[in-house]
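Examination of the molecular architecture
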Amino acid sequence: MNNHNHDLETEWMENVTYDELSVGQSARLLRTVTLEDIQAFAAVSGDINPAHLNPEYADATMFHGVIAHGMLGAALISALFGTQFPGPGTIYLGQELKFTKPVRIGDTLTVLVTVTEKDDEKKRIALDCQVTNQKGDVVLKGVARLMPPTQKVRVPKINAPQIQLFDPEARHKELLARADELEAVRCAVVHPCDAGSLSGAMDAAAHGLIVPVLIGPEGRIRRVAEEAGISLEGAEIISVEHSHAAAERAASMAASGEVEIVMKGSLHTDELLKAVLAQPTLRTGRRLSHVFRFDVPLYPKPIIVTDAAINIQPTLKEKADIIQNAIDFARIMGTQQPKVAILSAVETVTPAIASTIDAAALCKMADRGQIKGGLLDGPLAFDNAISMEAVRIKDITSDVAGQADILAVPNLESGNMIAKQLEYMAGANGSGLVLGARVPIALTSRADGPMARVASTVLAVLAAHDQRKHHLENAWKLG
């Protein structure tokens, strides 16, 4: 009985043997071409011709828009041969093709193949191949030569693996576009004495994000620039002896309003933050904390992880500050009521696991208005926070579970592991920012590439403009 039911549920592919084929016999296949098809074909083939992937470039060509790869149409012919007609067991011997019209996104293609010759001695056939679009225009034609199967075969249909398309550059451009209309912000770049931090600052300046004020030993900065081929055009240099002095000068400039952003260069994070906290006017009464913002290939929206860089073993009160900082930042990034998943190892409150007790307390604090602007739930295990399938299997009722915008981690160790796994094993694009001071602090790692450094600057610029807006609103109210 079970085998019978399984047989009914299985989809099958059945071939057409040489003896069953006749001249004039035909078959067809329909497919609507999507942007994802073109991107997937580029990813598999390595053909990244801008005519297929770059709308601005493609608009300037004779085709006036993005077109599909010619061989994408040829692949549809191959798919028809391999799966339907003649089907499994077919050997593809050769193909002549002529590309007659471009194929565009949204075109519905009809592939029609017709047997024109049979060679009984060699058991081979020739077929006329024609691909037309929804208007009836022929876009591709040619002749194929095949060796069809001689034995009847019926095999289960196998679903092709899913291709997850993730374009890091496109996601990066989307993030950059958020700052398109914003004025460049003066930024203190603290001790940029290696190629990574210096190039990150100057790349951000080239994108019109910041006006860089480079603070450090001028001779070292210029030597690094010369050795790495980095232009310092448009940068102000304030020469100080060492990294301690650079951090102190940057914090002093931030406190006096001379700069609106501080960017970490080649110095230790604690050295920079100590200088910031030493300036009373830069304190807000809230704990400093770090947010990572990630674009993850397998998650439908950006996700924030906090705190994975500053607070080692935060107390309940410090966790409340960390979450409030993250909520405020998510709202700056356009999420009006961010969903905050407070992570632990399990989704139930368990006295033996302290982080579950903190999670429950934080949710109650949000209910009482001690944490504002977000929707909190916890404790939640990582899978319950980001997977609706896990939520369904575990029968969890929650407005946050499976669709978190913010992952609030129990401690720095767990947060750092999650962040590094997202970046190195899940292929996520990450950027980071320190919050809780009067100025945003762009914090990058020595391992970060140019894209991550510029992305972190975008976050800082957006946060700085938000602070500028609030200062103006407060001044107007006081006036």
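Just so you know, these numbers come straight off a predicted model, no measurement behind them. (Residues numbered from 1 in each chain as written. Predicted model: local features only at pLDDT ≥ 70, side-chain atom pairs only at ≥ 80, totals over all residues. Heavy atoms only, no water.)

Turning next to the sheet that holds strand S13 (residues 303-306). Strand order in the open sheet formed by 11 strands is S10-S9-S8-S11-S18-S17-S12-S13-S16-S14-S15, with mixed pairing between adjacent strands. Here the strands that pair on one side only, and so sit at the sheet edges, are strand S10 (236-239) and strand S15 (375-380). Both strand S9 (residues 210-216) and S10 contribute to a ladder of four bridges, which runs parallel. Residue pairing in the sheet places Val-213 in a bridge with Glu-236 of S10. (Pairing = 2+ DSSP bridges. Helix = DSSP H or I, 4+ residues; strand = E, 2+ residues; numbered from the N terminus.)

A word on the packing of helix H9 (residues 243-255) against helix H10 (residues 269-277). The N-to-C vectors of H9 and H10 enclose an angle of 40°; their axes lie 8 Å apart at closest approach. Accordingly, the angle class assigned to the pair H9 and H10 is oblique. Our pair here, H9 against H10, has a crossing hand that is right-handed. Together, Ser-243, His-244, Ala-247, Glu-248 and Ala-251 of H9 and Glu-271, Leu-272, Ala-275 and Val-276 of H10 make up the contact between the two elements. A breakdown of the residues in the contact of H9 with H10 according to their chemical character gives five nonpolar, two polar and two charged. (Axes fitted to C-alpha atoms, helices over the stretch in contact; angles between N-to-C directions. Parallel < 35°, antiparallel > 145°, perpendicular 65-115°, else oblique. Left-handed = near helix turned anticlockwise from the far one by under 90°. Contact = heavy atoms within 4.5 Å. Nonpolar A, V, L, I, M, F, W, Y, C, P; charged D, E, K, R; others polar.)

Right, let's talk about the packing of helix H11 (residues 316-332) against helix H12 (residues 354-367) for a bit. For any two helices packed against each other, the geometry comes down to the angle between their axes and how far apart the axes lie. At their nearest, the axes of H11 and H12 sit 10 Å apart, and the two run at 55° to each other. Here H11 lies oblique to H12, going by the angle between them. Both H11 and H12 take part in a crossing whose hand is right-handed. Note on element contacts: H12 touches H11 through Ser-355, Asp-358, Ala-361, Leu-362 and Met-365, opposite Leu-316, Lys-319, Ala-320 and Ile-323. Its residues placed into classes, the contact of H11 with H12 shows six nonpolar, one polar and two charged.

To continue, consider the sheet that holds strand S4 (residues 108-119). Here five strands make up an open sheet; going across it, the order is S2-S4-S5-S6-S3 and the pairing antiparallel. Whereas interior strands pair on both sides, the edge strands pair on one side only; in this sheet they are strand S2 (26-32) and strand S3 (91-99). Averaged over neighbouring strand pairs, the angle between their axes works out to 20° when direction is ignored. Relative to strand S6 (residues 138-147), strand S5 (residues 124-132) runs antiparallel, the two sharing eight bridges. Its bridge partner being in S6, Val-131 is matched across the sheet by Leu-140. Here helix H5 (residues 70-83) sits on the sheet in contact with S2, S3, S4, S5 and S6, set at roughly 145° to S3.

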